[in-house]
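For reference, the chains in residue letters:
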There are 2 protein chains.
Amino acid sequence: MSQTDGGYIPDLSDIHLAHARIRKLVRQTPVINDPGLDEILGCRLFCKCENLQRTGAFKFRGATHAIARMREDGTAGNVATHSSGNHGAALALAARLDGRTAHVVMPENSSRIKIDAVRGYGGQVHFCAATNEARAERLEALVQQGMIPIHPYDDANIIAGQGTAALELEQAVPSLEQVITPIGGGGLISGTAIATRAWGVSIYGVEPSGAADTVESLLRGEIATAFQPDTIADGLRAIVGQRNFRVIRELVKQVLTVSDDEIREAMTLTWQTLKLVIEPSSATVIAAIRKHPEIFGGHKVGAIISGGNIHPADWCALTGTSSDPR
Amino acid sequence: MSQTDGGYIPDLSDIHLAHARIRKLVRQTPVINDPGLDEILGCRLFCKCENLQRTGAFKFRGATHAIARMREDGTAGNVATHSSGNHGAALALAARLDGRTAHVVMPENSSRIKIDAVRGYGGQVHFCAATNEARAERLEALVQQGMIPIHPYDDANIIAGQGTAALELEQAVPSLEQVITPIGGGGLISGTAIATRAWGVSIYGVEPSGAADTVESLLRGEIATAFQPDTIADGLRAIVGQRNFRVIRELVKQVLTVSDDEIREAMTLTWQTLKLVIEPSSATVIAAIRKHPEIFGGHKVGAIISGGNIHPADWCALTGTSSDPR
């Protein structure tokens, strides 16, 4: 677990082992290509639809893997974490499927659908103020009570689990030239980078302009821990983790940024072409590819569509498409 | 083609041949199950996601098959049809991929997204008044000009093509006990019934209460040609076809009806559980399963999710979820 593995960073074999452990528990999500979207983007884009993963996000892979390792190691007991939502819901279900309970610290301003999801999957929600300090304090209190902490992204088992999506993507679509994922805490991009580096794929990350803590951290050469995020992409407000930052610095070719408006447009474009509802965090990858033809144009690109947990009312309000189009 | 095959109704072997012809041209769409949705519906539901088919609907299968047969038979020339939208878009793309042009007669009140789709796929749109007579006249005029008519549903090649979705569903999920599809003109239910009867599956159809012409036709023992549809499910306003009616009478166990409000609720439920945007026509199957636990409860059910072509603004307006949920 994150508290005890001394900063270990998984390698490709760890990700293959993780896939063997969780393969029967996670959904092998479809990979979708749409020629119409390709025309608009000017590249061949293959989307790994983790928005169709159980609990509606890739997070279920990492959480399921962390729990699987606990079972392997004979570690009993309940788990605890802090999460803006998707990791909490994923851990809640992964724990329940293994006969455990997940205790999830969530900021009071979390979206309704994500709070309901954590509870719906059997998790216990513990609210706290929307600050990193309050979050850490609340979690520490739970750990004192004996819960085993599962960090949302700065954890070797979580990173290995998240990397399994890229493994399946490569199996479905060999010879990708580029891969892109969003960056929140960095669990998905880390696992993806470790999984795909062997194939000589160029790895890109994307952050909302209002949550570009990774870009700032790369410029500074150290993690911008004091960064205050402000974006509609609620899944990407976390500050990049230690292990994750090390992996990104070493393996990621470039971290791009997109505005909230570009995210909104990408949400609508994705609906109209791929027929998928995706949360703002996921739309960042489509927005980035559209924004940077000089990088992606003419290439064979793989994207991890990270999640689809957004309330219809939030979707309509965010994209401003509540009036009749005719 | 519908004008020349003397009312021929395809059999299972025709559907297997159709699949062999179109397999490389259509998308093998994913089959999705969601345990959360199963809990709500009280059955095990496997959704064949034709909303993720090329052109956003199962119609691309039938249209691609009709064109493939023309090529096989050495029939040159352009094609024509009338369509509320999805068949028109499907035929437009299928024709373009074969170097032909599709001329599509559409009612003036067709939804913007469907008109744009037909044009976007290279089809020529010919508007007419929103009556069956005006539609038939306009099409006849095109046929006089030498276009080859491809009927949207009352056509053996179309029915065989639509049946290929059920073949793939059964390959993905053997031992289904029940299958359900929407009924518009009856192309999908006919192909599905012919494809699945061999497996002893009980076949159900569903219509909006405001477009229950098939239910009325079954009661009368003849097609209710004068029926005036009134429903938000714009894909299901057609009157059931001759061949289709014969197949339904022989093979479909029951045709259910759902209200527009039940359709709206099912659209939102599908978003929240399957993370898919589906058009009202597709939501009828989810609504029917939810409405009839005495039929589907405890069973292993397959559903064809027929299409996902709805403008975000229309989705938001129809489901009344444009305000913030908190």
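Residues numbered from 1 in each chain as written. Chains lettered and ligands numbered in written order. Predicted model: local features only at pLDDT ≥ 70, side-chain atom pairs only at ≥ 80, totals over all residues. Heavy atoms only, no water.

K.L.:
Give a description of the overall build of chain A that names residues and reports values.
P.N.:
Counting its secondary structure elements, chain A contains 15 helices and ten strands. Once the C-alpha set of chain A is aligned to its principal axes, its extents read approximately 55 × 45 × 40 Å. Across the 326 residues that make up chain A, the buried fraction comes to 64%. Considering only contacts in chain A between residues 6 or more positions apart, those separated by 24 or more positions represent 72%. Carbon and sulfur atoms make up 48% of the accessible area of chain A, which amounts to about 11,500 Å² in all. (Helix = DSSP H or I, 4+ residues; strand = E, 2+ residues; numbered from the N terminus. Buried < 20%, exposed > 50% of the residue type's maximum accessible area, 1.4 Å probe, protein only. Contact = heavy atoms within 4.5 Å. Areas by Shrake-Rupley, 256 points an atom, 1.4 Å probe, with all protein chains shown as cover.)

K.L.:
A description of the interface of chain B and chain A should follow, citing residues and the corresponding values.
P.N.:
Interfaces are often sized by the amount of accessible area the parts lose when they come together. Each partner contributes to the interface: chain B provides 36 residues, whereas chain A provides 36 residues. Applying the counting criterion to the chain B and chain A interface returns two salt bridges. The salt bridge partner of Asp34(B) is Arg27(A), with a shortest N-O separation of 3.6 Å. The interface formed by chain B and chain A holds six residue pairs in polar contact (both at pLDDT 80 or more) in total. Mapped by element, the contributors of at least two residues to the side of chain B that touches chain A are helix 11 (260-274) and helix 14 (312-319) of chain B. Counting residues per element, the side of chain B that touches chain A draws most heavily on helix 14 of chain B, which supplies six residues. Partitioning the side of chain B that touches chain A into residue classes produces 15 nonpolar, 13 polar and eight charged. (Salt bridge = Lys/Arg side-chain N within 4 Å of Asp/Glu carboxyl O. Polar contact = N/O pair within 3.5 Å; in protein donor to acceptor, adjacent residues only side chain to side chain. Nonpolar A, V, L, I, M, F, W, Y, C, P; charged D, E, K, R; others polar.)

K.L.:
Provide a residue-level description of the packing of aromatic side chains, including the pertinent values.
P.N.:
The final tally for this structure, using the stated rule, is seven aromatic pairs over all chains. When the ring of Tyr204(A) is compared with that of Phe296(A), the centres are 5.2 Å apart and the planes differ by 65 degrees; the resulting orientation is edge-to-face. With Tyr204(A) in strand 8 (residues 202-208) and Phe296(A) in helix 14 (residues 293-296), this pair connects stretches of sequence that are 92 residues apart. The pair formed by Tyr204(A) and Phe296(A) is uniform in burial state, with each residue classed as buried. Considering the side-chain rings of Trp315(A) and Trp271(B), the 6.2 Å spacing of their centres and the 85 degrees angle between planes classify their relative orientation as edge-to-face. Of this pair, Trp315(A) sits in helix 15 (residues 312-319) while Trp271(B) is found in helix 11, placing the two residues in two different chains. Taken as a pair, Trp315(A) and Trp271(B) share a single burial class, namely buried. Each residue in the set Trp271(A), Trp315(A), Trp271(B) and Trp315(B) is aromatic and connected to the rest through ring pairs, giving one cluster. (Phe/Tyr/Trp six-rings, centres within 6.5 Å; stacked < 30°, edge-to-face > 60°.)

K.L.:
Pulling in residues and values, what's your account of the domain arrangement of chain A?
P.N.:
Residue and element names in this part refer to chain A. The assigned domain composition of chain A is domain 1 (12-57 + 156-319) and domain 2 (59-149). Spacing between the C-alpha centres of domain 1 and domain 2 amounts to 22 Å. Taken as a group, Arg21, Thr55 and Asn157 account for 28% of the area that domain 1 buries against domain 2, more than any other trio of residues on that side. Where domain 1 touches domain 2, the interface holds five salt bridges. Two residues, Asp234 and Lys114, come together in a salt bridge whose shortest N-O distance is 3.1 Å. One can count 14 residue pairs in polar contact (both at pLDDT 80 or more) joining domain 1 with domain 2. Residue assignment for the side of domain 1 that touches domain 2 shows that the elements contributing at least two residues are helix 1 (12-22), helix 7 (156-162) and helix 8 (164-172). Among the elements that line the side of domain 1 that touches domain 2, the one with the most residues is helix 7, at five residues. Partitioning the side of domain 1 that touches domain 2 into residue classes produces ten nonpolar, eleven polar and eight charged. (Domains from an automatic or database assignment. Buried area = accessible area lost by both parts, 1.4 Å probe.)

K.L.:
Could you give an account of the sheet that holds strand 10 (residues 300-305) of chain B, with specific residues and numbers?
P.N.:
Residue and element names in this part refer to chain B. As summarised here, the arrangement of the six strands in space is 1-2-10-7-8-9, forming an open sheet in which the pairing is mixed. Pairing within the sheet leaves two strands with one partner each, and these edge strands are strand 1 (31-32) and strand 9 (254-258). The sheet contact formed by strand 8 (residues 202-208) and strand 9 spans five bridges and is parallel. Across the sheet, the residue bridging to Val206 is Leu256, located in strand 9. Against the sheet, helix 8 (residues 187-196) makes contact with strand 7 (178-182), strand 8 and strand 10, and its axis sits at roughly 165 degrees relative to strand 7, the strand it touches most. Along the sheet face, helix 11 touches strand 1, strand 2 (44-49), strand 8 and strand 9 and points at about 90 degrees away from the line of strand 9. (Pairing = 2+ DSSP bridges. Axes fitted to C-alpha atoms, helices over the stretch in contact; angles between N-to-C directions.)

K.L.:
Summarise the pattern of salt bridges; cite the residues concerned and give the values.
P.N.:
All names here are of chain B. Overall, the coordinates contain 29 salt bridges over all chains when judged by the stated rule. Among the ionic pairs, Glu279 bridges to Lys114, the shortest N-O distance being 3.0 Å. Separated by 165 residues along the polypeptide, Glu279 in the loop between helix 11 and helix 12 (280-291) and Lys114 in helix 5 (residues 112-120) bring together distant segments of the chain. As far as the burial class goes, Glu279 and Lys114 line up, both buried. Of the charged contacts in the structure, one is a salt bridge between Lys291 and Glu262, with a shortest N-O distance of 3.2 Å. One end of the pair, Lys291, is in helix 12; the other, Glu262, is in helix 11, and 29 residues separate them in sequence.

K.L.:
A description of the relation of the copies chain B and chain A should follow, citing residues and the corresponding values.
P.N.:
The two copies are related by a screw operation: chain B maps onto chain A through 180 degrees of rotation and 0.0 Å of translation along the axis, at an RMSD of 0.0 Å. Within this description, the copies of the chain are treated as partners about a two-fold rotation axis. A shared interface surface links the copies, since 100% of the contact residues of chain B are contact residues in chain A too. (Least-squares fit on C-alpha atoms with pLDDT ≥ 70 in both.)

K.L.:
Can you tell me about the pairing of strand 5 (residues 124-128) of chain B, naming the residues and giving the values?
P.N.:
Residue and element names in this part refer to chain B. Judged from the five bridges that link them, strand 4 (residues 102-107) and strand 5 form a sheet pairing that is parallel. Its bridge partner being in strand 5, His103 is matched across the sheet by Gln124. Viewed along the sheet, the connection from strand 4 through helix 5 into strand 5 turns out right-handed. (Right-handed = clockwise from strand over helix to strand, strands pointing away.)

K.L.:
Please provide a residue-by-residue account of helix 8 of chain B, values included.
P.N.:
Residue and element names in this part refer to chain B. For helix 8, the buried fraction is high: ten of the ten residues fall into the buried class. Listed as buried for helix 8 are Gly187, Leu188, Ile189, Ser190, Gly191, Thr192, Ala193, Ile194, Ala195 and Thr196. Of the surrounding secondary structure, the elements contacted by the buried residues of helix 8 are helix 1 (12-22), helix 7 (156-172), strand 7, strand 8, helix 10 (242-251) and strand 10.

K.L.:
Please give an account of the sheet that holds strand 8 of chain A that cites residues and values.
P.N.:
Residue and element names in this part refer to chain A. Strands sit in the order 1-2-10-7-8-9 across an open sheet of six strands; the sheet is mixed. The two strands at the open ends of the sheet, each matched to only one other strand, are strand 1 (31-32) and strand 9 (254-258). Bridge count for strand 1 against strand 2 (residues 44-49) is two bridges, and the pairing is antiparallel. Following the sheet pairing, Ile32 is matched in strand 2 by Cys47. Against the sheet, helix 8 touches strand 1, strand 2 and strand 10 (300-305), its axis set at about 145 degrees to strand 10.

K.L.:
Quick rundown of the environment of Pro312(B)? Include the residues and the values.
P.N.:
Counting through the fold element by element, Pro312(B) comes out in helix 14. Remark: the alpha-carbon pair of Pro312(B) and Gly36(B), spanning 276 residues in sequence, is separated by 25 Å.

K.L.:
Please set out the nonpolar core residue by residue, giving values where relevant.
P.N.:
If you look at the biggest cluster of nonpolar residues, it comprises 76 residues, and the most contacted ones within it are Leu45(A), Ile180(A), Leu45(B) and Ile180(B). Contact partners of Ile180(B), with chain neighbours within four places excluded, come to Tyr204(B), Val206(B), Leu256(B), Val285(B), Ala288(B), Ile289(B), Phe296(B), Val301(B), Gly302(B), Ala303(B) and Ile304(B). (Core = buried A, V, L, I, M, F, W, Y, C linked by side-chain atoms within 4.5 Å.)

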